[in-house]
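# Structure at a glance
This is what each chain is made of:
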Amino acid sequence: MDTKILKVLFILVSSFLYWNSAEDYSPEEIVALKLILPLVNQSLYREYMRSDPFLITYLRTSNLQLQEASDMILKTMKWRQDHRIDEIVNEVIPIEKEMPYDLRTVDWEGRPVYSMKIAEWDLRKYTLSGKAYDAHRVGMKIMEQVGNLIRHYAKLHPTNNHNITKVTALVDLNGYSWKLHACPECLRLSENILVDIEAHWPQICANFLFFNSPRIFEVTITVLKAFMDYTMKNGLHTYGVSGCL
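Scoring rules and cut-offs
- Residues numbered from 1 in each chain as written.
- Predicted model: local features only at pLDDT ≥ 70, side-chain atom pairs only at ≥ 80, totals over all residues.
- Heavy atoms only, no water.
- Core = buried A, V, L, I, M, F, W, Y, C linked by side-chain atoms within 4.5 Å.
- Buried < 20%, exposed > 50% of the residue type's maximum accessible area, 1.4 Å probe, protein only.
- Helix = DSSP H or I, 4+ residues; strand = E, 2+ residues; numbered from the N terminus.
- Contact = heavy atoms within 4.5 Å.
- Salt bridge = Lys/Arg side-chain N within 4 Å of Asp/Glu carboxyl O.
- Pairing = 2+ DSSP bridges.

The subject of this paragraph is the nonpolar core. Among the nonpolar cores identified, the biggest contains 47 residues, and Tyr114, Trp121, Met140, Ile204 and Phe210 are the most heavily contacted of them. When contributions to this core are tallied by element, the ones reaching two or more residues are strand S2 (112–117), helix H5 (123–128), helix H6 (132–156), strand S3 (167–172), helix H8 (184–200), strand S4 (205–213) and helix H9 (217–224). A per-element tally of this core places H6 first, with ten residues. The residues contacting Met140, other than those within four sequence positions of it, are Trp79, Ile85, Ile88, Ile193, Asp196, Ile197 and Trp201.

Glancing now at the pattern of salt bridges. Overall, the coordinates contain eleven salt bridges when judged by the stated rule. Across the salt bridge formed by Asp82 and Lys78, the nearest N and O atoms sit 2.6 Å from each other. Of this pair, Asp82 and Lys78 both sit in helix H4 (residues 66–82), four residues apart, roughly one helical turn. Note on Asp82: relative accessible area 46%, which makes it partly exposed. For Lys78, a relative accessible area of 53% gives the class exposed. Here Arg137 makes a salt bridge to Glu91, at a shortest N to O gap of 2.9 Å. Within this pair, whereas Arg137 is found in helix H6, its partner Glu91 is found in the loop between H4 and strand S1 (102–106), the two being separated by 46 residues in sequence.

The buried fraction of S4 is high, at nine of nine residues. When S3 meets S4, the two strands line up parallel, connected through six bridges. Its bridge partner being in S4, Leu170 is matched across the sheet by Leu209. Across four bridges, S4 lies against strand S5 (residues 236–240) in parallel orientation. Looking across to S5, one finds that Phe210 is bridged to Thr238.

Structure below.
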């Protein structure tokens, strides 16, 4: 199926999935937000990091456990500085052109959309040629761009910014190959990227929509689910050539 048609279908499907999904805070979450900021404030070196939309993702991931959430935030701050994440958007990564993706689309609520074609990503080649670190870094660059876009679009739509807190990924699996995308080294690369997303951009993905999914992808997604939290798992929607798998 043509990618442009897929994007149109995606926007319709994702908008339906988002319907009435406002990011309102419960009374318990409001209390937790007030309590956690003093615990981590000195380590937050960007203004957006002190915002409720940023802090709530860690609180929800930890089921509002203040100590666990604050530990996650402090580890993220150290990790971002150790891996130069604040500069990564402007970084030239050697294999980035070999891993094309698109972030130019938004849904009708103004939320960013990430899309890519799996056939254009040769995970096996990256891992066997010693470029797994670069490929991993491309994944981190994508996530940092996504976070920046979320905040950008939220500012553009101040009356609806409570809804613009997440991204939806559209992945065209046409050309998916067990050899190129599901080899042991390939899965390890995917797992490492997922682990960092869950740890440092928690609950940033509202929906993962996979189209043109072959049957063999079911094995891959079963393995990767072990590294996803409940939010990402609940947002997984896989559609094969004959419908939803």
